[in-house]
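Coordinates in review
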Amino acid sequence: DQEQEIPEPLVLRPAEPLQVMVSPAVAPDGTPWRLEVRREDRASLASDDVVATNIPPSGWWQSEPQPAGLYSLNLGPANDERQSWVFKEIELGIDVMPVVIEMEIVEVSGTVSLGDEPVAAAELWFGSRHGAERASTTTDDLGVYTCLLPRGGSWAVELEAPAPPVKRIEPQVDITPDAEGRAVKDFEIPNTIVKVEVMDEAGKPPKHAIVQVDPLGQHEASGLSLDVDADGYAEVRGQEPGTINLIARGDGKESRPAMVRLLEDFDPPRISLVLEDMHVVRGRLVSATGPVAGGQILAFPISRERTGSSNLVVTEPDGTFEIRTAETTVGFEVQAWAYGHPYHAGRYAMPAEKEELVIELPPDGGMLIVQTPEGDDRWAPARSTVRVDDITLAPGFLHRWATSHGAMATDGLLHLPNMQPGAYQLCWLNISTQLGDRLSSCTQGTLGTGGTLTLELEPARD
């Protein structure tokens, strides 16, 4: 029983077919390409399957007429549905048809070793296991692998092996093919060990729990999670030497964090993590006109011991929401957005008992335009960050915010309408994985109400 004002006029466009042209027309093994098409809902972030089909041998495919709007395309080999070599988002009714998908096809090969020993049966995911673009392979008994990729360039790589238990994420691996489309990449994994025991406050193992492993002083995308077995144990090898932060979650509870120093070729004692009850914080998202329904809120707890354990919630029709957090939480870093209101980020103190956490969206915003040196079809490059008033904004949220307003995000360029006024900073991280160095080049400026701010920079030089 509430009204919602739509700030922009509705534009009606006729239905038209999606058209796709793929080159090469068939997969390297001669089998067809598989295409999955989804219709994306800008407001709710939900998606609906439109079609899943094989591309004809000609490389040309056309759908039945579809409503105008935002669509995502996933293309991969038809003989392995786990792989998705190309991901694109297109605006039907605006983008020119056909959508042309061209792949150079790169064969990368090499070895995987833990210390001085080869790692057999290791799964490698270029693009990561759940990435929008991903390709996978497995090492043989000598730790040797070969994998076909749709392109060279930078890839996040996830490695996992059963025995010894190895799990590792490398956020940025450069694949440089030769003139014949071949590249060599060896993965030399440090022989470090993490051993954890997770129990509840009664000393019993949880029914289900995970342990989050986050390296300190390294790229945030290199963190990972471990499944805890029925006895409460978890073990992994292959993390970078240095300090890591461990935290367990399970059965609706969370442990206090533990900082551990990892050394190579050293078998450490098992770390004990105890699950404790979580605290429920009730809140409300509001604007100058009243409660905001269907808003998206991303909340990062600020603790006396750490910042992390994020919550993503959607507000109810009366604007209310609930966040579960550790007893040690003293406040939150919040990002909130709802269509028709400015994108908001701010810090909030933990409310007193029986009081609500009230998040108020600003009345008006401005246009933020950011340009990074590296192109990215989804504009979520791992090496760039956008901050407002000293709060780092979530790349996935920014991408959705842009596309929900009809602004495509490609080639490192992102148009962000209706962003909250404030002091903005765009930074590019220059990462040296061998030396562990993180060099940044940054640019900054202030966005005023109703104004436009453009941030553009070049990468830092080594």
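The structure we're discussing is the one just above.
Everything in this summary refers to the structure shown in the same document. These numbers were taken from a predicted model, which means no experiment stands behind them.

With that out of the way, let us pick up the overall build of the protein chain. Summing up its helical and strand segments, the protein chain has one helix and 38 strands in all. Across the 462 residues that make up the protein chain, the buried fraction comes to 47%. Taking contacts inside the protein chain between residues at least 6 apart in sequence as the whole, the part at least 24 apart equals 64%. On the protein chain, roughly 22200 Å² of surface is accessible, and the fraction owed to carbon and sulfur atoms is 48%.

Looking at where P269 falls in the secondary structure, it is placed in the loop between strand 23 (258-262) and strand 24 (271-287). Residues P269 and K195 lie 74 residues apart in sequence; the distance between their C-alpha atoms is 7.0 Å.

Time to look at the pattern of salt bridges. Within this structure, the stated rule accounts for 23 salt bridges. Here R168 and E240 are joined by a salt bridge, their closest N and O atoms 2.4 Å apart. With R168 in strand 14 (residues 166-175) and E240 in the loop between strand 20 (233-237) and strand 21 (242-250), the pair connects residues that are 72 residues apart, well separated along the chain. We classify R168 as buried; its relative accessible area is 8%. Here R387 ties to D390 by a salt bridge, and the two come within 2.6 Å at their closest N and O atoms.

For the bond from S23 to P24, the omega torsion is 0°, close enough to zero to count as cis. Assignment of secondary structure puts P24 in the loop between strand 1 (16-23) and strand 2 (33-40). Cis geometry is found at the peptide bond from A163 to P164, where omega equals -5°. Assignment of secondary structure puts P164 in the loop between strand 13 (153-161) and strand 14. Positive phi is not limited to glycine here, since I105 has a value of about 60°. Here I105 lies in the loop between strand 7 (99-102) and strand 8 (106-114). Phi is positive for D265, close to 60°, though the residue is something other than glycine. With respect to the helices and strands, the residue D265 is situated in the loop between strand 23 and strand 24. On the accessibility criterion, D265 (60% relative accessible area) is exposed.

A contiguous patch of negative charge, built from D116, E117, E264 and D265, is present on the exposed surface. Note on placement: E117 falls in strand 9 (residues 117-118).

Moving on, we get to the sheet that holds strand 7. Spatially, 4-1-7 is the arrangement adopted by the three strands of the open sheet, whose pairing is mixed. In this open sheet, the two edge strands, each paired with only one partner strand, are strand 4 (60-66) and strand 7. Here the strands of the sheet are splayed against their neighbours by 15° on average, with no regard to which way each runs. Strand direction decides the pairing type here: strand 1 and strand 7, joined by four bridges, are parallel. Its bridge partner being in strand 7, V20 is matched across the sheet by V99.

So, about the sheet that holds strand 5 (residues 69-77). Sheet strands pair by backbone hydrogen bonding; their relative direction is either parallel or antiparallel. Pairing within the open sheet is antiparallel, and its four strands lie in the order 3-2-5-6. Of all strands in the sheet, those with a lone pairing partner are strand 3 (47-54) and strand 6 (86-92), marking the two edges. Direction aside, the axes of adjacent strands within the sheet are offset by 20° on average. The pairing of strand 2 with strand 3 spans seven bridges and is classified as antiparallel. Of the residues in strand 3, the one forming a bridge with L35 is T53. Taken strand by strand, helix 1 (residues 395-404) contacts strand 2, strand 5 and strand 6, and its axis lies near 30° from that of strand 6.

What counts as what
- Residues numbered from 1 in each chain as written.
- Predicted model: local features only at pLDDT ≥ 70, side-chain atom pairs only at ≥ 80, totals over all residues.
- Heavy atoms only, no water.
- Helix = DSSP H or I, 4+ residues; strand = E, 2+ residues; numbered from the N terminus.
- Buried < 20%, exposed > 50% of the residue type's maximum accessible area, 1.4 Å probe, protein only.
- Contact = heavy atoms within 4.5 Å.
- Areas by Shrake-Rupley, 256 points an atom, 1.4 Å probe, with all protein chains shown as cover.
- Salt bridge = Lys/Arg side-chain N within 4 Å of Asp/Glu carboxyl O.
- Patch = residues over 30% accessible without salt bridge, like charges linked within 9 Å, V, L, I, M, F, W, Y side chains within 5 Å.
- Lys, Arg positive; Asp, Glu negative; His and termini not counted.
- Charge placed at Lys NZ, Arg CZ, Asp CG, Glu CD.
- Pairing = 2+ DSSP bridges.
- Axes fitted to C-alpha atoms, helices over the stretch in contact; angles between N-to-C directions.

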